[in-house]
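Chains, contacts and geometry: an overview
What follows is each chain in one-letter form.
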Amino acid sequence: MPHHNDEDFTSAVRNVNDTSDDDDKSSRSSKMSDSEESSSESDEDLRRIRAAVVPRAADATPGELRHALELNQKLLLEMREKQCALTKRIHLLEAHKGKGRKEEEIRTLGRKYSAVYCLWINGEIFPLRKNPQIDLFSSERWLSPLSMEDGVKTEIYSHVPKKMHKLMAYKDFGAHFGTGVTNIRSEMASDVKSCAAAIFGLNPTFFSRGYQRFTDLTCRALLVGPNDKYTKYAPILFPRPEGDLKPEDFLKQRFQTDLLLGPCPG
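Residues numbered from 1 in each chain as written. Predicted model: local features only at pLDDT ≥ 70, side-chain atom pairs only at ≥ 80, totals over all residues. Heavy atoms only, no water.

1. Quick notes on the overall build of the chain
Scanning the chain for helices and strands turns up seven helices and zero strands. Moving toward the C terminus, one meets the helices and strands of the chain in the order α-α-α-α-α-α-α. Burial statistics for the chain: of 266 residues in total, 27% are counted as buried. Long-range contacts, defined as pairs at least 24 residues apart, comprise 57% of the intrachain contacts of the chain with a sequence gap of at least 6. (Helix = DSSP H or I, 4+ residues; strand = E, 2+ residues; numbered from the N terminus. Buried < 20%, exposed > 50% of the residue type's maximum accessible area, 1.4 Å probe, protein only. Contact = heavy atoms within 4.5 Å.)

2. Digging into the confidence of the model for the chain
For the chain, mean pLDDT is 75; residues scoring 70 or higher make up 71% of the total. When pLDDT is averaged over each element of the chain, helix α4 (residues 145–159) comes out on top at 92 and helix α7 (residues 254–261) at the bottom at 58. Predicted confidence for residues 18–25 stays below pLDDT 50, and this span has 14 contacts to residues more than four positions away or in other chains. (pLDDT = per-residue confidence, 0-100.)

3. Overview of helix α5 (residues 171–200)
Between the first and last C-alpha of α5 there are 42 Å, a value that for 30 residues agrees with the 44 Å anticipated at 1.5 Å per step. At S194, α5 shows its maximal bend, which comes to roughly 40 degrees. (Expected span 1.5 Å × (residues − 1). Bend = angle between axes of the 7 residues up to and from the residue.)

4. A few points about the nonpolar core
Formed by 15 residues in total, the largest nonpolar core has its most connected members in F126, I156, V160, M164, M168, F173 and F177. When residues of this core are traced back to their parent elements, those giving at least two are α3 (62–116), α4 and α5. Listed in part, the eight residues of the second largest apolar core include A196, F206, C219 and A234. (Core = buried A, V, L, I, M, F, W, Y, C linked by side-chain atoms within 4.5 Å.)

5. Points about the packing of aromatic side chains
Scanning the model with the defined rule gives six aromatic pairs in all. Centre to centre, the rings of F126 and F177 are 5.8 Å apart; their planes meet at 55 degrees, and the pair counts as tilted. Note that F126 is positioned in the loop between α3 and α4 and F177 in helix α5, a separation of 51 residues in sequence. Pair check on accessibility: F126 and F177 agree, each one buried. Here the aromatic rings of F173 and F177 are separated by 5.8 Å at their centres, their planes lie at 20 degrees, and the arrangement is stacked. (Phe/Tyr/Trp six-rings, centres within 6.5 Å; stacked < 30°, edge-to-face > 60°.)

6. What about α4?
The terminal C-alpha atoms of α4, which comprises 15 residues, lie 21 Å apart, in line with the 21 Å expected from a rise of 1.5 Å per residue. Turning to α4, its buried residues are S147, D150, G151, K153, T154, E155, I156, Y157 and H159.

7. A few points about the layout of surface pockets
By volume, the second largest pocket amounts to about 370 Å³. Looking at the second largest pocket, it is lined by 13 residues, and the ones nearest its centre are V192, K193, F207, L223 and I236. Element by element, the count of residues in the lining of the second largest pocket is highest for α5, at four residues. In the lining of the second largest pocket, the residues fall into 11 nonpolar, no polar and two charged. (1 Å grid on protein atoms, 1.4 Å probe; cavity = no way out; pocket = protein on both sides within 12 Å on 5 of 7 lines; lining within 4 Å. Points joined across faces, edges and corners; volume = space filled by probe spheres on them. Nonpolar A, V, L, I, M, F, W, Y, C, P; charged D, E, K, R; others polar.)

8. Some points on unusual backbone geometry
Here the residue pair F126 and P127 is connected by a cis peptide bond, since its omega of 0 degrees sits within 30 degrees of zero. Considering the arrangement of structural elements, one finds P127 in the loop between α3 and α4. Of note in the backbone geometry, Q133 takes a positive phi value of approximately 55 degrees without being a glycine. Locating Q133 in the fold gives a position in the loop between α3 and α4. A relative accessible area of 63% places Q133 in the exposed class.

9. Side note on the pattern of salt bridges
By the definition in use, this model includes five salt bridges. Close ionic contact of K102 with E105 constitutes a salt bridge, the shortest N to O distance being 2.5 Å. Separated by three residues within a single helix, K102 and E105 lie in helix α3, roughly one turn from each other. Residues joined in a network through salt bridges with shared partners are E104, R107 and R111. (Salt bridge = Lys/Arg side-chain N within 4 Å of Asp/Glu carboxyl O.)

In structure tokens form, the structure reads like this:
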């Protein structure tokens, strides 16, 4: 199996059309400093060029003309070297900017995937080199952990534009994609916390940042089971965390059942 390193990923990114911008404060600060230095050098170069093109006196001696020619040739070579260095630097900056924009586009794809498909993703499935082409609507997708993982891979292939499929063969793609997934999960959690108190009819301070939920017995009772242990069925959602769960009343609030199973008739 071929190994792809960071340089390979950067090279691959250059071959993909850029669609978004990447802003970096430290980069902007560095650019400002470089710009000031470059401006000072440009002023000095311009002064030297102006001095070099000043016409010589009509009575200038051959020695003075040869000296002026030597200075002009030396200046021309220096300017040529600077032009080559600046051209190379421009190409490097364009490549870095393109990579930054592409990385942000990958993170955006991760955020969209999280919102449409799943709030979590196992980063170990990357790199991806082949679409398993699982039928996402077939029951066979859920037969085993491997088939479920193949289903996730197929979802990603269908979600990511074809022009970026080659980038999925690099480990860095998974890192940026996973960052996007994590970001949207945090945003959703924040939105849910802002209205959870009203939804569940609880004290709003339970959901505030930094609140000591486990020292408040009332709040703790909503998180752990009767034996003071965590279970899959948190008491805040389930009236009987340990017992027979019936479809009609296994959730604490009626609206939760309606959201999951649809409104009950009558």
